[in-house]
Amino acid sequence: MKKMNFIPFCRMMRRLPALLLLCYGSVSVYAQADFDALFERKSLRIDFALSGNAASQTAALEQLREEPVWGGPVNNRIDPFDYGGYYIKVYDLTHQLIYSRGFNTLFEEWRTTDQASRETQSWTNSISIPWPKHPVVVELLARERKNNRFSVLWSMEIDPQSMSIDRSPLKNLKTETLQYRGDPSEKVDLVFLPEGYTEAETEKFDADARRFTEALFRTPPYDERQEDFNVRTVHLISEEPGADLPGKGIYKHTALNAGFYTFGIDRYLTTRDMKSIRDAVWNVPCDAIFILVNSDIYGGGGMYNFYAIGTADNERTIRVFVHELGHSFAGLADEYFQSQVAYNDFYDPAVEPWEPNITTLVDFDRKWKDMLPTDVPIPTPAEAPYTEHPGVFEGGGYVAKGIYRPMDHCTMRDMAPFCPVCRRAILQMIRFITDK
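Because the structure is a prediction, the values reported are computed rather than measured. (Residues numbered from 1 in each chain as written. Predicted model: local features only at pLDDT ≥ 70, side-chain atom pairs only at ≥ 80, totals over all residues. Heavy atoms only, no water.)

### Points about the overall build of the protein
Counting secondary structure elements, the protein contains 7 helices and 15 strands. The C-alpha radius of gyration of the protein comes to 21 Å, within 12% of the 22 Å expected for a compact globule of 436 residues. Principal axes of the C-alpha set define a box for the protein whose edges measure 65 × 50 × 50 Å. By residue count, 61% of the 436 residues in the protein fall in the buried class. Between the averaged position of the 48 positive side-chain charges in the protein and that of its 61 negative side-chain charges there is a distance of 2 Å. (Helix = DSSP H or I, 4+ residues; strand = E, 2+ residues; numbered from the N terminus. Rg over C-alpha atoms; globule rule 2.2 N^0.38 Å. Buried < 20%, exposed > 50% of the residue type's maximum accessible area, 1.4 Å probe, protein only. Lys, Arg positive; Asp, Glu negative; His and termini not counted. Charge placed at Lys NZ, Arg CZ, Asp CG, Glu CD.)

### Digging into the environment of G264
If you trace the backbone, G264 turns up in the loop between β10 (229-234) and α5 (274-280). Distance from G264 to V351, taken between C-alpha atoms, is 27 Å for residues 87 residues apart in sequence.

### Describing the pattern of salt bridges
If the charged atoms of two oppositely charged side chains come close together, the side chains can form a pair. Scanning the entire structure with this criterion turns up 26 salt bridges. As a salt-bridge pair, R45 and D279 come within 2.7 Å of each other at their nearest N and O atoms. Pair noted here: R45 is in strand β1 (residues 39-52) and D279 is in helix α5, with a separation of 234 residues, a long-range link. Here D166 ties to R65 by a salt bridge, and the two come within 3.0 Å at their closest N and O atoms. With D166 in the loop between β7 (150-158) and β8 (175-179) and R65 in strand β2 (residues 57-67), this residue pair connects regions lying 101 residues apart in the sequence. (Salt bridge = Lys/Arg side-chain N within 4 Å of Asp/Glu carboxyl O.)

### Some remarks on helix α4 (residues 202-216)
With 15 residues, α4 ought to run about 21 Å at 1.5 Å a step, and its terminal C-alpha atoms sit 21 Å apart, in line with that. Residues of α4 that are buried include every one of F205, D206, D208, A209, F212, T213, A215 and L216, and no others. (Expected span 1.5 Å × (residues − 1).)

### A closer look at the sheet that holds β10
Taken in spatial order, the 6 strands line up as β8-β10-β9-β11-β13-β12 in an open sheet, and their pairing is mixed. Looking at strand neighbours, the two that pair on one side only are β8 and β12 (300-303), the edges of this open sheet. Averaged over all pairs of adjacent strands, the angle between strand axes in this sheet comes to 20°, irrespective of strand direction. In this sheet, strand β13 (residues 307-311) lies alongside strand β11 (residues 288-293) in parallel orientation, the contact comprising 4 bridges. Across the sheet, V293 pairs through a bridge with T311, a residue of β13. Its contacts with the sheet put α4 on β8, β9 (188-195), β10, β11 and β13, and the angle it makes with β9 is roughly 140°. (Pairing = 2+ DSSP bridges. Axes fitted to C-alpha atoms, helices over the stretch in contact; angles between N-to-C directions. Contact = heavy atoms within 4.5 Å.)

### Details of unusual backbone geometry
The bulk of non-glycine residues show a negative phi, and the bulk of peptide bonds are trans. Residue P221 follows P220 across a cis peptide bond; omega there is 5°. Mapping P221 onto the fold places it in the loop between α4 and β10. Here the bond from A384 into P385 is cis, since omega is 5°, no more than 30 degrees from zero. Looking at the element boundaries, P385 is found in the loop between α6 (317-330) and β14 (393-396). You will see that N257, though not glycine, has its phi angle at about 60°, which is positive. Tracing the sequence through the fold places N257 in the loop between β10 and α5. Residues other than glycine seldom take positive phi values, yet L361 does so here, at roughly 70°. By secondary structure assignment, the location of L361 is in the loop between α6 and β14.

### Concerning the packing of aromatic side chains
All told, the structure shown has 31 aromatic pairs when counted by the stated rule. Taking the centre distance of 5.9 Å and the plane angle of 80° together, the rings of W70 and Y99 count as edge-to-face. One end of the pair, W70, is in the loop between β2 and β3 (86-91); the other, Y99, is in strand β4 (residues 97-103), with 29 residues separating them in the sequence. What makes W70 buried here is its relative accessible area of 12%. With centroids separated by 6.1 Å and ring planes inclined at 70°, the aromatic side chains of F192 and F290 adopt a geometry described as edge-to-face. Here F192, found in strand β9, pairs with F290, found in strand β11; they are 98 residues apart in sequence, far enough to count as distant. Given the relative accessible area of 0%, F192 is considered buried. The structure contains a cluster of three or more aromatic residues connected by ring pairs, namely F81, Y83, Y304, W354 and F432. Here the guanidinium or amino end of R272 rests over the ring plane of W123, the centre of that ring lying 3.6 Å away. (Phe/Tyr/Trp six-rings, centres within 6.5 Å; stacked < 30°, edge-to-face > 60°. Lys NZ or Arg CZ within 6 Å of the ring centre and 35° of its normal.)

### What about helix α7 (residues 420-434)?
Over its 15 residues, α7 extends 21 Å from the first C-alpha to the last, a length consistent with the 21 Å expected when each residue adds 1.5 Å. Taking burial as the measure, the 15 residues of α7 include 12 buried ones, the bulk of the element. Those residues of α7 that sit buried are V421, C422, R424, A425, I426, L427, Q428, M429, I430, F432, I433 and T434.

### Thoughts on the sheet that holds strand β5 (residues 121-132)
Strand order in the open sheet formed by 3 strands is β2-β1-β5, with antiparallel pairing between adjacent strands. At either end of the open sheet lies a strand with only one pairing partner, and these are β2 and β5. Neighbour to neighbour, the strand axes of the sheet diverge by 20° on average, direction disregarded. Summarising the sheet, β1 and β5 pair through 12 bridges and their orientation is antiparallel. If you follow A49 over to β5, its bridge partner there is T124.

Everything listed is a geometric property; what it means functionally is a separate question.
Quick look at the structure:
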């Protein structure tokens, strides 16, 4: 989701977060044996439209593309996390699930705004799956806010031999490797994309990306898992520096069409241009994307398994970076609750949110209950001595009442380091992608 703010498996295993890795580990053995029988080491990119308003949504296929690399894991085909507002699921023709991933979109957030109660819009989105060797059925599912369950928005049988799949190569952009630690299928592949860097500023982009990379691996828990990452840059040239500032009537000609004032919030920096993002990384192994905007204005955003974005030169830039990567890479929720947002009732207090670091206490057993000292009260007072350890502190997910966070302070709320709950979620995602 999601804007930065510093102003103030196995379904049976969902209730046992500490055993999550055991669950997907057993799936991994099965997946590793079958991946090469089911898939080739390249990608099928699916561009699709989400259309609707606050009351309803539909999905429709826009384009299928063949792309030459698969950067995701091969040992873990099935997503065990149950994260995200959407899921992509791939079945063979016997209806055996052979691949799945959860993700978020900006359209999902837009549907909770006042504008969506008055208008119907259509937004382009994009997701990639490993290239199937045989015909498959692909389903796009959306999570129902009222009950947290998924329903099918769109389903299609896809033959990888179909002449309707676009097989044309895209432009080969210049790439640089900032860190290489091994086979992309066994590493987290982080890619930095430049936004608002002109041709004369390519060296600045390289320097900025190196600075961010170094900062990431000084940040717990990434510091202990640096050897599990490959880091690359892709060079995109913008005609003008910076990004759009619609609230001030400023619009820039840039590669990825990013802008502040998303949903009217000045600090919320995003882009709707998913095709340009996916075109930029079409031939680059990619598990996580960070869009680095050539600006000193405070702002950023991040959506799970889609992208994260932030500016290069603000004094709080690095904290924004790790916060937004928390959203996009590990599915972490915002824990702040005192600042302006555009959402209406983003979380239902009667439903347990899917994010691992917030709870409504509806189903707290599957969150961080296993990490609490036995003498911690639930809810937990935000006072000494409780604030030094994990607890259940009221306030989070943009509201002060009814939603709870694991620590009084954390990167997902303010300038503090990641709390133990968020660190665990990040490490679980690294282990899932790397199978380590």
